[in-house]
Amino acid sequence: MKKKEIKNERKTLPKSPTSIQGFDEITEGGLPKGRPTLICGEAGCGKTLFAMEFIVRGATLYNEPGVFISFEETEKELTANVASLGFDLDKLVKQKKIWLEHIDVERGEIDGSNEYDLKGLFVRIHNAIETIGAKRVVLDTIESLFSVLPNETVLRTELRRLFGWLKKKGVTAIITGEKGNGTLTRQGLEEYVSDCVILLDHRVEEQASIRRLRIVKYRGSTHGTNEYPFLIDEDGFSVLPVTSLGLNHIASEERVSTGIPRLDRMLSGEGYFRGSTILVSGTAGTGKTSIAAQFVEAACKRGESVLYFSLEESPSQFLRNMSSIGLDLEQYVKKGLLHLHATRPTFHGLEHHLTTSIKLINKIKPQIVVLDPIDGFLTAGNHSQVKIMLLRLVDFLKMQNITAFFASLTFAGTNQELTDLSITSLIDTWLLLRDIEIGGERNRGLYILKSRGMSHSNQIREFKLTSHGIELLNVFVGPEGVLTGSARLSKEAQINEEQLMREQEIENKEFEIERKREVMEAQIVLLRSEFDSQKSQAINVIGNKTARNERFSEDEAKMAKSRKGDIEPNVIEGKKLSAKVVTLNKVQKKILQKLSDKNDV
């Protein structure tokens, strides 16, 4: 007998959502429900803000009242500190959605008896929980609570009691702790008695500030194990879980115009794929920003939203410069289609730039994102860090089916088919701009190095920045390669001259044929005139002979009649003369027909 397979349904750990952007994704739902979580890190890394947002979001979004016990900041200080984030704690306290309390622990209160008992704290927390029916509790920070304990054994005992008591109450608790020397916390015990431990890190590398979050442990649940960048701004705490993104985005078949008709034709006649990543690279002054702006204008004309990150030019300077080549982009800014975001790469760390970019993209929801130039980020991080950042950004944009356009600077004398960041494997379409130096001139050239999923031109095309935009020129190839500038103009003049000579030769041939035709027609007229003259003479001779023959026949007939004779021979002679006249007319017709055929030829 076959054994029946028993399928066990997997049970998931109940969780309390935080509604902190990105955090619930990497924890697959939030913090463990009814269990304590330790948030640890150095001063200023965002522990208190994380805990406060957890309490406020729970009260306002999930109808879970919360208790916030602070051992450092007063109620007034907390209320003022988070007001800039839009949190009205006074209102929430009046509505009994939040219990906000400051407890000041004095060392002198303990030294007298050398005893330390948390029963009083438990009573106060219990009272707060029962008063508002709290489901969430925050203790900030635990070092202030236990820093007065001289005995390490007592400290460990009280820590275990505190965490155990919170579990028995069934509340989802956050305890914040300061990072120790070589340990996650100063006491080195909290991380072991906590069911979930989250480490916040605020580091400075090469004068750039970087904030990162890592889930050290999470009992009973899978979770992301990477370091995730996070941002603290006017919207609160946000985590960017882009390292969890995979290669599961859907590739679009839709095509979008480059804004340059002849470049569209080079890309199999239709332009870029929607949702693809485009890179235009070249040395300084080759026209990278102009090609990006041409693409932006085409998108705005289609009514699409565009987000343009400028790392070198201010919005005003960018708009002014593009107007010089006939691109009036300011009108699209006023219409709300073009959004310009300009900032120096050194103003923030890479993670801050990344999280800010993602937030703007989520807010604006553009169809096109332009980053010009990506090399600017090298001033805020090393090659590896910038590459990782761009990988995260590209993955995010592909998941959103957003077309990305990057500009990259290369340097003369180097292999221009390599970028400083080595991100070409991330690129779907790569346009390479180069200076072509011929005859003492430097001119701009463009060719498509690669374009995944389509056939494309392999020609190097010269292009010009004109008052009406970018113009791709015809290809002329000489012994040294593609001809540009004066060499191209000289070649064009030569081709035009050869074409003119061919046209003149054709005109000469046509004139010669026409002249011969006229000579032939004149000869035909002369022959016809001579023929008509001879015909007239012949007809006159024949007519005279016929008349004489008729008179002779009449005379002969009269004579025969008088003599009673035969007139048969004379009658026959008259018929022969008539036949000659008919034959003469037929000959004339044949000659005229032949002359007419020659005239047609």
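Keep in mind that this is a model prediction, so the values were computed, not measured. (Residues numbered from 1 in each chain as written. Predicted model: local features only at pLDDT ≥ 70, side-chain atom pairs only at ≥ 80, totals over all residues. Heavy atoms only, no water.)

Engineer: Got a minute to help me understand the overall build of the protein chain in this structure?
Structural biologist: Scanning the protein chain from terminus to terminus reveals 17 helices and 24 strands. The burial tally for the protein chain puts 45% of its 601 residues in the buried class. About 32,200 Å² of surface is accessible on the protein chain, with carbon and sulfur atoms providing 50% of the total. (Helix = DSSP H or I, 4+ residues; strand = E, 2+ residues; numbered from the N terminus. Buried < 20%, exposed > 50% of the residue type's maximum accessible area, 1.4 Å probe, protein only. Areas by Shrake-Rupley, 256 points an atom, 1.4 Å probe, with all protein chains shown as cover.)

Engineer: Just to check I follow, could you spell out the packing of aromatic side chains for this structure?
Structural biologist: Each aromatic ring pair is summarised here by two numbers: the centre-to-centre distance and the angle between the ring planes. Applying the stated criterion across every chain yields a total of eight aromatic pairs. Ring geometry for Phe122 versus Trp165: centroids 4.8 Å apart, planes at 10 degrees, classification stacked. Here Phe122, found in helix H6 (residues 119-132), pairs with Trp165, found in helix H8 (residues 152-169); they are 43 residues apart in sequence, far enough to count as distant. For Trp165, a relative accessible area of 18% gives the class buried. Site record: aromatic cluster; members linked through ring pairs are Phe23, Phe50, Phe230 and Phe237. Across the ring face of Tyr218, the terminal group of Lys15 is positioned such that the distance to the ring centre comes to 4.8 Å. (Phe/Tyr/Trp six-rings, centres within 6.5 Å; stacked < 30°, edge-to-face > 60°. Lys NZ or Arg CZ within 6 Å of the ring centre and 35° of its normal.)

Engineer: Looking at this model, I keep getting lost on the nonpolar core. Mind explaining?
Structural biologist: If you look at the biggest cluster of nonpolar residues, it comprises 39 residues, and the most contacted ones within it are Leu263, Tyr272, Leu329, Leu338 and Phe405. No other element matches helix H11 (residues 288-301), which puts seven residues into this core. The contacts of Leu263, once residues within four sequence positions are left out, are Thr258, Tyr272, Leu431, Leu446, Ile448 and Leu472. (Core = buried A, V, L, I, M, F, W, Y, C linked by side-chain atoms within 4.5 Å. Contact = heavy atoms within 4.5 Å.)

Engineer: Where do I start with the layout of surface pockets in this structure?
Structural biologist: Over the atoms, a rolled probe matching the size of one water molecule traces out where space is still vacant. Its volume calculated, the largest pocket comes out at about 310 Å³. Taken together, 16 residues line the largest pocket, and the ones lying closest to its centre are Gly285, Lys288, Thr289, Glu312 and Asp372. At the level of elements, H11 and helix H12 (315-323) are the ones that each hand at least two residues to the lining of the largest pocket. Its residues assigned to classes, the lining of the largest pocket comprises four nonpolar, seven polar and five charged. (1 Å grid on protein atoms, 1.4 Å probe; cavity = no way out; pocket = protein on both sides within 12 Å on 5 of 7 lines; lining within 4 Å. Points joined across faces, edges and corners; volume = space filled by probe spheres on them. Nonpolar A, V, L, I, M, F, W, Y, C, P; charged D, E, K, R; others polar.)

Engineer: In this structure, what is going on with the confidence of the model for the protein chain? I would like to understand it.
Structural biologist: Low pLDDT marks regions whose predicted coordinates should not be analysed in detail. Per-residue confidence for the protein chain averages 81 on the pLDDT scale, and 79% of its residues sit at or above 70. Low pLDDT, under 50, characterises residues 108-114; the stretch is placed with three contacts to residues that sit more than four places away or in other chains. (pLDDT = per-residue confidence, 0-100.)

Engineer: Sorry, what's going on with the packing of helix H14 (residues 350-364) against helix H15 (residues 383-399) here?
Structural biologist: The geometry of a pair of packed helices is captured by two quantities: the angle between their axes and the separation between those axes. Two elements in contact, H14 and H15, have axes separated by 10 Å at closest approach and are oriented at 15 degrees. The angle between H14 and H15 falls in the class roughly parallel. Here the hand of the crossing between H14 and H15 comes out right-handed. Seen from H14, the contacting residues are Leu350, Glu351, His353, Leu354, Ile358, Ile361 and Asn362; seen from H15, they are Gln385, Val386, Met389, Arg392, Leu393, Phe396 and Leu397. A per-class count over the contact of H14 with H15 returns nine nonpolar, three polar and two charged. (Axes fitted to C-alpha atoms, helices over the stretch in contact; angles between N-to-C directions. Parallel < 35°, antiparallel > 145°, perpendicular 65-115°, else oblique. Left-handed = near helix turned anticlockwise from the far one by under 90°.)

Engineer: What am I meant to see in the pairing of strand E10 (residues 228-233) here?
Structural biologist: Each regular strand displays side chains that alternate between the two surfaces of the sheet. The buried count for E10 comes to five of six residues, which makes it a mostly enclosed element. Summarising the sheet, E10 and strand E11 (residues 236-239) pair through four bridges and their orientation is antiparallel. The residue of E11 that forms the bridge with Ile232 is Phe237. Here E10 folds back onto E11 in antiparallel fashion, the turn holding two residues. (Pairing = 2+ DSSP bridges.)

Engineer: When you look at empty space enclosed by the protein in this model, what are you seeing that I'm missing?
Structural biologist: This model, assessed by the stated rule, comprises one cavity of 30 Å³ or more. Each pocket or cavity is described by its volume, and for the largest cavity that value is around 30 Å³. Lining the largest cavity we find Tyr308, Ser310, Glu313, Ser314, Pro315, Phe318, Leu340, His341 and Ala342. Among the elements of the structure, strand E15 (306-310), H12 and strand E16 (338-342) are those that each provide at least two residues to the lining of the largest cavity. The leading source of residues in the lining of the largest cavity is E16, at three residues. Looking at side-chain class alone, the lining of the largest cavity contains five nonpolar, three polar and one charged residues.

Engineer: I'm lost on the side chain of Glu178 in this one. Help?
Structural biologist: Within the secondary structure, Glu178 is located in strand E7 (residues 172-178). On the accessibility criterion, Glu178 (13% relative accessible area) is buried. In terms of polar contacts, Glu178 uses its side chain to reach the backbone amide nitrogen of Ala43, at 3.5 Å. (Polar contact = N/O pair within 3.5 Å; in protein donor to acceptor, adjacent residues only side chain to side chain.)

Engineer: What exactly am I supposed to notice about helix H3 (residues 75-83) here?
Structural biologist: One full turn of an α-helix is made of 3.6 residues, so residues set three or four places apart face in the same direction. The complete set of buried residues in H3 reads Leu78, Thr79 and Val82. The buried residues of H3 occupy an angular sector of 100 degrees when projected down its axis, which confines them to one face. Facing away from the buried side of H3 by more than 90 degrees, the exposed set consists of Lys76 and Ala80. On its buried side, H3 packs onto helix H2 (47-61), strand E4 (66-70), helix H4 (89-94) and strand E5 (98-102). (Arc of directions from axis to C-beta.)

Engineer: Can you walk me through the pattern of salt bridges in this structure?
Structural biologist: Any two side chains of opposite charge can pair, on the condition that their charged atoms come close. This structure, assessed with the given rule, holds 19 salt bridges. Linking Glu130 and Lys169 is a salt bridge whose minimum nitrogen-to-oxygen distance equals 3.9 Å. Highlighted residues: Glu130 in helix H6 and Lys169 in helix H8, separated in sequence by 39 residues. Overall, Glu130 belongs to the exposed group, its relative accessible area being 51%. Several salt bridges converge on common partners, so that one network encompasses Arg35, Lys167, Asp195 and Arg219. (Salt bridge = Lys/Arg side-chain N within 4 Å of Asp/Glu carboxyl O.)

Engineer: What is the right way to read the pairing of strand E17 (residues 368-372) from this model?
Structural biologist: Of all five residues that make up E17, five are buried, and the element is covered over most of its length. Alternating positions in E17 separate into two faces, Ile368, Val370 and Asp372 on one and Val369 and Leu371 on the other, with burial throughout. Both E15 and E17 contribute to a ladder of five bridges, which runs parallel. Following the sheet pairing, Leu307 is matched in E17 by Val369. Both E17 and strand E18 (residues 403-409) contribute to a ladder of four bridges, which runs parallel. Pairing of Val369 across the sheet is with Ala404, part of E18.

Engineer: What am I meant to see in the state of the cysteines here?
Structural biologist: Here, the word disulfide means a covalent bond between the sulfur atoms of two cysteines. With the rule as written, the count across this model stands at zero disulfides. Cys40 takes part in no disulfide bond, and the closest cysteine sulfur, belonging to Cys45, lies 8.2 Å away. (Disulfide = S-S within 2.5 Å.)

Engineer: I tried to follow unusual backbone geometry on my own but got confused; where do I start?
Structural biologist: Among all residues except glycine, the phi angle is most often negative; among peptide bonds, the trans geometry is most common. Residues Asp140 and Thr141 are joined by a peptide bond in cis, for which omega reads -10 degrees. Topologically, Thr141 is positioned in the loop between strand E6 (136-140) and helix H7 (142-146). Looking along the chain, the bond that leaves Asp372 and enters Pro373 is cis, with omega of -10 degrees. The topology assignment puts Pro373 in the loop between E17 and H15. Although it is not a glycine, Glu28 adopts a positive phi angle of roughly 60 degrees. Despite not being glycine, Asn401 has its phi angle at roughly 55 degrees, a positive value. Classification of Asn401 as partly exposed rests on a relative accessible area of 33%.

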